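Summary of the model geometry
For reference, the chains in residue letters:
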Amino acid sequence: MSKKWKIALGFLAAVLVFCLWYTRPRGFEELVGDGEIKNYSMLASPPMTVENGKPYQETWQMDSYEGRENTAAELKKILTSCKYRASLQSFLPPAAFNGIPGDGNILITLSVVLNDDSNFIGYYKGRTATIDGLIIQADDPEISEKLLVFAQAYGWQAH
């Protein structure tokens, strides 16, 4: 085997090891930090329906203000209930995909400030999430549904 082939195979092995390391399962804390949720705001949109022949989009909104401070622990429990895998698609420019990536018809927009004043913005669509530009896949295929139920239980319907 020539020196060029050995170098090429070594490079390919390094790329493979990097890809396996990058896409390993991680806890939510590894992605955003392990601080407690100080403040948050969420919009949850279930699938569009048709009522009286017209399309209707229901949207639920909630935040951690005005007596809802205790819901932050419940939100963190949902977010940390599963592992996440980073997608290699994160290395592509955002223009490479149309809109928010992911399969599913429930869209969750989440803005969170942790107690160490770090923050993140996340978009969930199906089991795919985009957190500060990092595209991840949740091991739980129903993560968006759980966040929607949470918003419907503690939030209000936006107009």
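What you see is a predicted model, and the numbers here were worked out from it, not measured in a lab.

Calculation notes
- Residues numbered from 1 in each chain as written.
- Predicted model: local features only at pLDDT ≥ 70, side-chain atom pairs only at ≥ 80, totals over all residues.
- Heavy atoms only, no water.
- Core = buried A, V, L, I, M, F, W, Y, C linked by side-chain atoms within 4.5 Å.
- Buried < 20%, exposed > 50% of the residue type's maximum accessible area, 1.4 Å probe, protein only.
- Helix = DSSP H or I, 4+ residues; strand = E, 2+ residues; numbered from the N terminus.
- Contact = heavy atoms within 4.5 Å.
- Salt bridge = Lys/Arg side-chain N within 4 Å of Asp/Glu carboxyl O.

Let us look at the nonpolar core. Core analysis: the biggest nonpolar cluster contains 33 residues, and L75, Y84 and Y124 have the highest contact counts within it. By residue number, the principal contributor to this core is helix α4 (residues 143–154), which donates five residues. Aside from chain neighbours lying at most four places away, what touches L75 is I37, Y40, M42, L110, L147 and F150.

Another point: the environment of I131. Within the secondary structure layout, I131 lies in strand β9 (residues 128–131). For the pair I131 and Q61, spaced 70 residues apart in sequence, the C-alpha separation works out to 19 Å. For I131, the residues in contact, after removing those within four places along its chain, are F28, V32, F120, I121, G122, Y124 and I136.

Bringing the pattern of salt bridges into the picture now. Following the criterion strictly, the structure yields three salt bridges and no others. Notably, a salt bridge pairs E36 with K76, separated by 3.7 Å at the nearest N-O pair. Here E36, found in the loop between α2 (28–32) and β2 (37–45), pairs with K76, found in helix α3 (residues 71–79); they are 40 residues apart in sequence, far enough to count as distant. Of the residues examined, E36 reaches a relative accessible area of 46% and is grouped as partly exposed. Judged by its relative accessible area of 13%, K76 is buried. D117 is the partner of K38 in a salt bridge, and the nearest nitrogen-oxygen pair spans 2.9 Å. Placement of the pair is K38 in strand β2 and D117 in the loop between β7 (107–114) and β8 (119–125), with a sequence separation of 79 residues. With relative accessibility at 43%, the residue K38 sits in the partly exposed group. For D117, a relative accessible area of 51% translates into the label exposed.

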